[in-house]
Amino acid sequence: MRKIDVFDTTLRDGEQSAGINLNTAEKLEIAKQLERFNADVIEAGFPASSQGDFEAVKKIAQTVKSSIVTGLARSVKSDIDTSWEALKYGEQPHIHIFLATSPIHMTHKLKKTPDQVVDIAVESVKYAKKHFPLVQWSAEDAFRSDPDFLVRVVREVIKAGATTINLPDTVGYATPSEYGAMFRHLKENVPGIDRVKLSAHCHNDLGMAVANTIAAIENGADQVEGTINGLGERAGNAALEELAVALHIRQDKFTFGTDVKLDEIKRTSQLVSQLTGMAIQANKAVVGKNAFAHESGIHQDGMLKERTTYEIITPELIGENSTQIVLGKHSGRHAFKDKAIALGFELSDEKITEAFKAFKELADKKKEISEDDLYVLLTDQQIQEEEVPVYELKSVQVQYGNGSIPTASVSVISPDGDLLQEASTGSGSVEAICNTLERLVKGKVHLLDYRVTSIGKGRDALGEAVVNMTYNGKSTTGRDVAQDVLEASAKAYLNAINRQLVNERKRSYAKTV
Ligand SMILES: [Zn+2]
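Residues numbered from 1 in each chain as written. Predicted model: local features only at pLDDT ≥ 70, side-chain atom pairs only at ≥ 80, totals over all residues. Heavy atoms only, no water.

A.B. asks: Just to check I follow, could you spell out the coordination of the zinc ion for this structure?
C.D. replies: Any two of four tetrahedral donors ideally make an angle of 109.5 degrees at the metal, while pairs among six octahedral donors ideally make 90 or 180 degrees. Binding of the zinc ion to the protein goes through Asp13 (OD), His201 (NE2) and His203 (NE2), at separations of 2.0 to 2.2 Å. Read in sequence order, the donor residues for the zinc ion give the motif D-x187-H-x1-H. With a gap of 190 residues between them, Asp13 in helix α1 (residues 10-14) and His203 in the loop between β8 (197-202) and α9 (209-218) connect regions that are remote in the sequence. (Donors = N, O, S within 2.8 Å, 3.2 Å for Na, K, Ca; no water. Helix = DSSP H or I, 4+ residues; strand = E, 2+ residues; numbered from the N terminus.)

So this is what it looks like as structure tokens:
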């Protein structure tokens, strides 16, 4: 079986998509989980785009050992230098440089001639090679590039020392046969192409990202790029969990596969959804809530007689656990810590103590604590960043009756340490809370979206609130979890504001791409 490398870009292409802003601790948690998922390469960010991205990439390169860590860079020396400062700690330093090669991008975006583009590409690869043993070069918008020009530029960057060549369908326009043909054309026409890894990067604008990626493999790609849950710019990237499961389930057809740990899929998917605030559509292949639900009577009857009548993927394959309840009210600190370690968490004693306190509070209200609850609780503890003072919810109270106007009174501690209190009304309880908070925080808030979901099953399940807003003109997303959805909503609202405040303090480089 030919082994296909998996290049995960959840933290770069995924993080770049609308409404997602992860802090360093959250990115690190996702990177560690991607390492467990066994991604061959993790694209941790775009180091030259912002101070926050730089720090996160550096931290991930210092932490992750069994996956290669890379970062994106434009074809300019300063980007490559900045990337080196962040990535040099990695086991195998790897950089991902890109330059557009399609006529439309070269003319309108770069304002360069094809000859100039070849020169810049060669220069930047040579420069990167001074530091990096592994240099991936991407022809941005490769699919809409002239095939012969692509042959020429790829030949030159291989000569300059590139070790991987990526040919993205940047705008998600290709069909499988066309995208495969591009790889075949390069395989047949570029001297030395067998010395490098060929990589596919597909966007899902027409819903063909995974199919296009498979077509690329069939025509010579050795590496596939994508994201967890298919996150990414616009309609997203190829969903890696779908790709890995498809290659596994159809081993009878495909002569290639990945080394992805399939039983880490569920957990990876949930973590990414939880931290990005991007819900997974219920009917999404492989990881959707309904992916294994058999509703129709005929199907259920068939399943009871023989599972394979309607089931091609088992929930166990992706690590969906059937043993749900793990701890209860009387579980001690020791059992709690053991469970945390078993779930893969490495928390300091201090954080274990904090997490145990939160667990006890929850166990007082909720009889049985499931693995899902525990996972959310421990992750929340892991991603606490105590770097800068932010708004903190002190108390929230709502008066509601179907014959009266909902009124909320809220008190918060401001970043300066002052206790602020306000009360306000709204047409519903959540709106009353939001209106009150809007009066409490400094700055202009415009609420865009609000969502509440339950974590796990049962009437006493935890509630998770996700708030999407613009704060001082910039879009930000906040989330939080509590047993009561109104409390979760207030915390998520402040979380969005706090993220924006932290980001403002970190934004020292100009975001140019
Ligand atoms: Zn992309």
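A.B. asks: Help me understand the packing of aromatic side chains in this model?
C.D. replies: Any two aromatic rings considered together are summarised by their centre-to-centre distance and by the angle between their planes. Summed over the entire model, instances satisfying the criterion amount to 9 aromatic pairs. Between Phe46 and Phe98, the ring centres sit 6.5 Å apart and the planes meet at 80 degrees, which makes this aromatic pair edge-to-face. Taken together, the residues span a long stretch of sequence, with Phe46 in the loop between β3 (41-43) and α3 (51-63) and Phe98 in strand β5 (residues 94-100) at a distance of 52 residues. On the accessibility criterion, Phe46 (6% relative accessible area) is buried. On the numbers, 5.0 Å between centres and 85 degrees between planes, the contact of Trp84 with Phe132 is edge-to-face. Residue Trp84 is located in helix α4 (residues 77-87), and its partner Phe132 is located in the loop between α6 (114-129) and β6 (134-140); the two are separated by 48 residues in the primary sequence. (Phe/Tyr/Trp six-rings, centres within 6.5 Å; stacked < 30°, edge-to-face > 60°. Buried < 20%, exposed > 50% of the residue type's maximum accessible area, 1.4 Å probe, protein only.)

A.B. asks: Just to check I follow, could you spell out the pattern of salt bridges for this structure?
C.D. replies: When charged atoms on two side chains of opposite charge get close, those side chains can pair. The tally for this structure, following the rule as stated, stands at 34 salt bridges. Asp194 is the salt-bridge partner of Lys187, the closest N and O atoms lying 3.0 Å from each other. Overall, Lys187 belongs to the partly exposed group, its relative accessible area being 28%. Using a relative accessible area of 64% as the deciding quantity, one classes Asp194 as exposed. Because the salt bridges share partners, they merge into one network encompassing Lys3, Asp5, Asp40, Lys197 and Asp259. (Salt bridge = Lys/Arg side-chain N within 4 Å of Asp/Glu carboxyl O.)

A.B. asks: Got a minute to help me understand the sheet that holds strand β14 (residues 407-413) in this structure?
C.D. replies: Hydrogen bonding along the main chain pairs the strands of a sheet, whether they run parallel or antiparallel. Read across the open sheet, the 3 strands follow the order β13-β14-β15; overall the sheet is antiparallel. At either end of the open sheet lies a strand with only one pairing partner, and these are β13 (392-399) and β15 (419-425). Within this sheet the neighbouring strands show an average axis-to-axis angle of 15 degrees, counted without direction. Across 7 bridges, β14 lies against β15 in antiparallel orientation. Residue Ser409 lies in a different strand from β15, and its bridge partner there is Ala423. (Pairing = 2+ DSSP bridges. Axes fitted to C-alpha atoms, helices over the stretch in contact; angles between N-to-C directions.)

A.B. asks: Even after reading the chapter, I still don't get the sheet that holds strand β18 (residues 474-482), so can you show me in this structure?
C.D. replies: Within the open sheet, the 3 strands sit side by side as β16-β17-β18. Their pairing is antiparallel. Each edge of the sheet is formed by a strand with only one pairing partner; in this case those strands are β16 (445-455) and β18. Averaged over all neighbouring strand pairs, the angle between strand axes comes to 15 degrees, with direction disregarded. Strand direction decides the pairing type here: strand β17 (residues 462-471) and β18, joined by 9 bridges, are antiparallel. Counted as the bridge partner of Thr470 is Ser475 from β18. Its contacts with the sheet place helix α15 (residues 371-382) against β16, β17 and β18, and it is angled at close to 130 degrees to β18. (Contact = heavy atoms within 4.5 Å.)

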